[in-house]
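What follows is the residue order along each chain.
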Amino acid sequence: MATMVPPIPTAEDKKVEEKVDYFNLPCPIPFEELHREAMMSLKPDVFEGMRFDFTKILNQKFSLNHSVMMGPTEIPSQSAETIKIPTANYEFGATFIDHPRLLLWGRITTDGRLNARVKCDLSDNLTLKANAQLTSEPHMSHGMVNFDYKGKDYRSQFQLGNGALLGASYIQSVTRHLSLGGEVFWAGQHRKSGIGYAGRYNTDKWVATGQVASTGMVLLSYVQKVSEKVSLASEVMCNYLSRDVTASFGYDYILRQCRLRGKIDSNGCVSAFLEERLNMGLNFILSAELDHRKKDYKFGFGLTVGE
């Protein structure tokens, strides 16, 4: 009887027996969100001055937002030094969410800027996205419409914007962890076109992404998930036409009552963003950015009331 008992398979045997089912691959993330894990650490929402945000939820679908911002604004200058002027503005916004099919988002400020976004699921696979920014300055308003199609193991997108801007992207899952894609665009107003390629490999512990375009841009990012609350990210961005290279390193640390994000890059710029939850619906925000090369130092604090 002992000789008839089959041997227990080891971990190496399971790896050998594991096969990739190419007819049952996961759907990849959108092409425009390939670096989203890295952006959480490397692109914190830093600001300068004081900011106060108040959100009033009227019902399950509709909410209003009030924001007051006071701080300096940079103006273009021929000199190397940064020139700033004090400014203050008020922003009023409204959000309508009919989860999960419809999202309407709008913001208007006292300086004449209007921002609007629309997200509508036309079907289970096709989504319409539109955003627009209108300003009182001539030739500064713009808008864009996107059509996103979500397949079983692929995603495609078509873009149409003002200035005769046309774009299309496609990304396909090759294995359960690897996805490859590409994009093309045509800017008729500037008579420019381009093509790009990208690849993304993700596991439960790390994510690596690479992207290259005919415009000269090369972007490589890597995110290591140390734990459920700690993530480390690095990024290298270069332009092989202008020979410009920038390397960045960032972190994302989630504590019990706060979240801390920050980065440092090869240009000598250090930034950090802290959001601490003081109470239910009340958050305190601290922001700092130190650019030692330009001698530009930004500090900000704020409060967010409402969920």
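Structure report, in brief. Quick caveat: nothing in here was measured; it's all calculated off a predicted structure.

A few words on the overall build of the chain. The number of helices and strands found in the chain is 2 helices and 19 strands. By its C-alpha atoms, the chain is 85 × 50 × 50 Å across when sized along the principal axes. Relative to its full complement of 307 residues, the chain shows a buried share of 27%. The contacts of the chain with a sequence gap of at least 6 include a subset with a gap of at least 24, amounting to 29%. Surface exposure of the chain reaches about 19800 Å², of which carbon and sulfur atoms provide 61%. Counting 35 positive and 34 negative side-chain charges, the chain places the centres of these two groups 1 Å from one another.

Our focus in this paragraph is the pattern of salt bridges. One pass over the full model with this rule turns up 18 salt bridges. Between Asp265 and Lys263 there is a salt bridge; the shortest N-O distance is 4.0 Å. Given a relative accessible area of 15%, Lys263 falls into the buried group. Residues participating in the shared-partner salt-bridge network are Glu33, Arg36, Glu37 and Arg200.

Looking at the largest pocket, its volume works out to about 650 Å³. Phe47, Met69, Thr73, Asn89 and Arg113 are the residues nearest the centre of the largest pocket, which is lined by 22 residues in total. Of all the secondary structure elements, the ones that give two or more residues to the lining of the largest pocket are strand 1 (49-57), strand 2 (62-75) and strand 3 (83-98). A breakdown of the residues in the lining of the largest pocket according to their chemical character gives 7 nonpolar, 6 polar and 9 charged.

In terms of strand pairing, strand 7 (residues 142-150) meets strand 8 (residues 154-161) through 7 bridges, oriented antiparallel. Counted as the bridge partner of Asp148 is Gln157 from strand 8. Between strand 7 and strand 8, which follow one another and run antiparallel, lie 3 residues. Where strand 8 lies against strand 9 (residues 165-173), 8 bridges are found, and the strand directions are antiparallel. For Tyr154, the partnering residue across the bridge sits in strand 9 and is Gln172. Remark: 3 residues form the turn of the hairpin made by strand 8 and strand 9, two consecutive strands paired antiparallel; Gly163 in that turn has positive phi of roughly 75 degrees.

For the coordinates displayed, the defined rule picks out 4 aromatic pairs. The interplanar angle of 25 degrees and the centroid separation of 5.3 Å between the aromatic rings of Tyr201 and Trp206 together place this pair among those described as stacked. Here Tyr201 falls in the partly exposed class, since its relative accessible area comes to 32%. These aromatic residues form a ring-pair network of at least three members: Tyr149, Tyr154 and Tyr170. The residue whose ring lies beneath Arg51 is Phe47, and the NZ or CZ to ring-centre distance is 4.4 Å.

Following His99, the chain continues to Pro100 via a peptide bond in cis, the omega torsion being 0 degrees. Residue placement: Pro100 occurs in the loop between strand 3 and strand 4 (102-109). The phi torsion at Arg243 lies on the positive side, around 65 degrees, for a residue other than glycine. When you line up the elements, Arg243 lands in the loop between strand 14 (230-239) and strand 15 (244-254). Classification of Arg243 as exposed rests on a relative accessible area of 69%.

A separate point is the side chain of Glu235. Position of Glu235 among the secondary structure elements: in strand 14. Buried within the structure, Glu235 lacks any salt-bridge partner; its nearest side chain of opposite charge belongs to Lys43, at an N-O separation of 4.9 Å.

Glancing now at the pairing of strand 3. Across 14 bridges, the pairing between strand 2 and strand 3 is antiparallel. Each bridged residue has a counterpart across the sheet, and for Ser63 the counterpart in strand 3 is Thr95. Turn length for the strand 3-strand 4 hairpin, with the two strands adjacent in sequence and antiparallel, is 3 residues.

Conventions we followed
Residues numbered from 1 in each chain as written. Predicted model: local features only at pLDDT ≥ 70, side-chain atom pairs only at ≥ 80, totals over all residues. Heavy atoms only, no water. Helix = DSSP H or I, 4+ residues; strand = E, 2+ residues; numbered from the N terminus. Buried < 20%, exposed > 50% of the residue type's maximum accessible area, 1.4 Å probe, protein only. Contact = heavy atoms within 4.5 Å. Areas by Shrake-Rupley, 256 points an atom, 1.4 Å probe, with all protein chains shown as cover. Lys, Arg positive; Asp, Glu negative; His and termini not counted. Charge placed at Lys NZ, Arg CZ, Asp CG, Glu CD. Salt bridge = Lys/Arg side-chain N within 4 Å of Asp/Glu carboxyl O. 1 Å grid on protein atoms, 1.4 Å probe; cavity = no way out; pocket = protein on both sides within 12 Å on 5 of 7 lines; lining within 4 Å. Points joined across faces, edges and corners; volume = space filled by probe spheres on them. Nonpolar A, V, L, I, M, F, W, Y, C, P; charged D, E, K, R; others polar. Pairing = 2+ DSSP bridges. Phe/Tyr/Trp six-rings, centres within 6.5 Å; stacked < 30°, edge-to-face > 60°. Lys NZ or Arg CZ within 6 Å of the ring centre and 35° of its normal.

Any link to function would need more than the numbers given here.
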